[in-house]
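Structural overview for review
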Amino acid sequence: MKLFIDAGNTRLKWCLEDGGGVIQSGTGILDEQVHLEGLEYRSEISAIAVSTVASEARREQLAASLADLCPAPVRFYWAEATRGGLRNAYPDVARMGADRWHAMYGAWLSHKSGFAVIDAGSAVTVDYVDARGQHLGGYILPGLRMMVRSLQNDAARIWFDPEQVLETAPGKSTGECVNHGLAWLSGAMVERVQSDARTLGLKDILVTGGDADRLIGLGLSGTLHPDLVFAGLRAIDAEDASG
Ligand SMILES: Nc1ncnc2c1ncn2[C@@H]1O[C@H](COP(=O)(O)OP(=O)(O)O)[C@@H](O)[C@H]1O
Ligand SMILES: CC(C)(COP(=O)(O)O)[C@@H](O)C(=O)NCCC(=O)O
Ligand SMILES: [K+]
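The protein chain goes by Type III pantothenate kinase in an unreviewed UniProt entry, where it is assigned to Marinobacter gudaonensis. Under the Catalytic activity (unreviewed entry) heading, UniProt states for the protein chain: "(R)-pantothenate + ATP = (R)-4'-phosphopantothenate + ADP + H(+)".

Okay, structure coming up:
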């Protein structure tokens, strides 16, 4: 069995698979130790594959605590210049978050007519890939929680209870102005991605990450792929194993 880990800036997601598919999946916590809630079959894990955007210090901590969890070898997978016809637009691919490359590769495997990937996590990333597999580049924006936190922490007179509304009408209280404002901004991003996709001739829009369903709720005509990073990571791991 193989254990796949996607360690973002907010949450750690894990997925246990054998040749036949997913056996178990869940979220985890990384403090001094890594806690993968609900993980069974620990002794049957033969290898661990990780995609992470955590700091180098946290990555080392993750590697050390995975070694305590089970004796299986751990391999970290990073962004690449090219794979299977997909080509990265970054001249310095080492700078790209591993999650973005793995999500793009996951999308590329089943969408060959050009696509946009939106990963609405701690940060929101948008990446465009054309029908030839050329990554056209992307965008990095603050995520929803990040924006809420910055308004709470960096503005002295903004008091509000964060609420995840889909309402975008002009607000008539601080709370409405903030909560509707975030929905309005996210909705504008959705329209922008859709208009770019039309202009660039990208057929599909795939969305993943903790706030993915919120973007669908705001009118995004895309498909929800909660496991897109795992789809890419799993395929790359299998390809490398088969030489
Ligand atoms: N249970 C949850 N815990 C944390 N964030 C959540 C949860 N449910 C939804 N979210 C939203 O998802 C975002 C994190 O998404 P996720 O894809 O897990 O991030 P990352 O990959 O950066 O760790 C948060 O910014 C928040 O807006
Ligand atoms: C942009 C990100 C912070 C998104 O990470 P996440 O929100 O999923 O935790 C991550 O992909 C990252 O650290 N990227 C490095 C910079 C880059 O991709 O250019
Ligand atoms: K993200």
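The next thing to look at is the packing of aromatic side chains. All chains considered together, the criterion is met by two aromatic pairs. Between Phe76 and Trp78 the ring centres are 6.2 Å apart and the planes differ by 15 degrees, which places this aromatic pair in the stacked class. The class of Phe76 is buried, set by a relative accessible area of 14%. We note Arg59 situated over the ring of Phe76; from NZ or CZ to the ring centre the distance is 4.6 Å.

Turning our attention to the sheet that holds strand 13 (residues 223-224). The sheet built from five strands is open, its strands ordered 11-10-9-12-13 with mixed pairing. Strand pairing shows two members of the sheet lacking a second neighbour, strand 11 (135-142) and strand 13, which therefore form its edges. Pairing of strand 9 (residues 115-120) with strand 12 (residues 204-208), which is carried by five bridges, proceeds in the parallel orientation. Bridged to Val117 within strand 12 is Leu206.

Cut-off values and rules
Residues numbered from 1 in each chain as written. Chains lettered and ligands numbered in written order. Predicted model: local features only at pLDDT ≥ 70, side-chain atom pairs only at ≥ 80, totals over all residues. Heavy atoms only, no water. UniProt positions renumbered as here; feature names shortened; annotations may be inferred. Phe/Tyr/Trp six-rings, centres within 6.5 Å; stacked < 30°, edge-to-face > 60°. Buried < 20%, exposed > 50% of the residue type's maximum accessible area, 1.4 Å probe, protein only. Lys NZ or Arg CZ within 6 Å of the ring centre and 35° of its normal. Pairing = 2+ DSSP bridges. Helix = DSSP H or I, 4+ residues; strand = E, 2+ residues; numbered from the N terminus.

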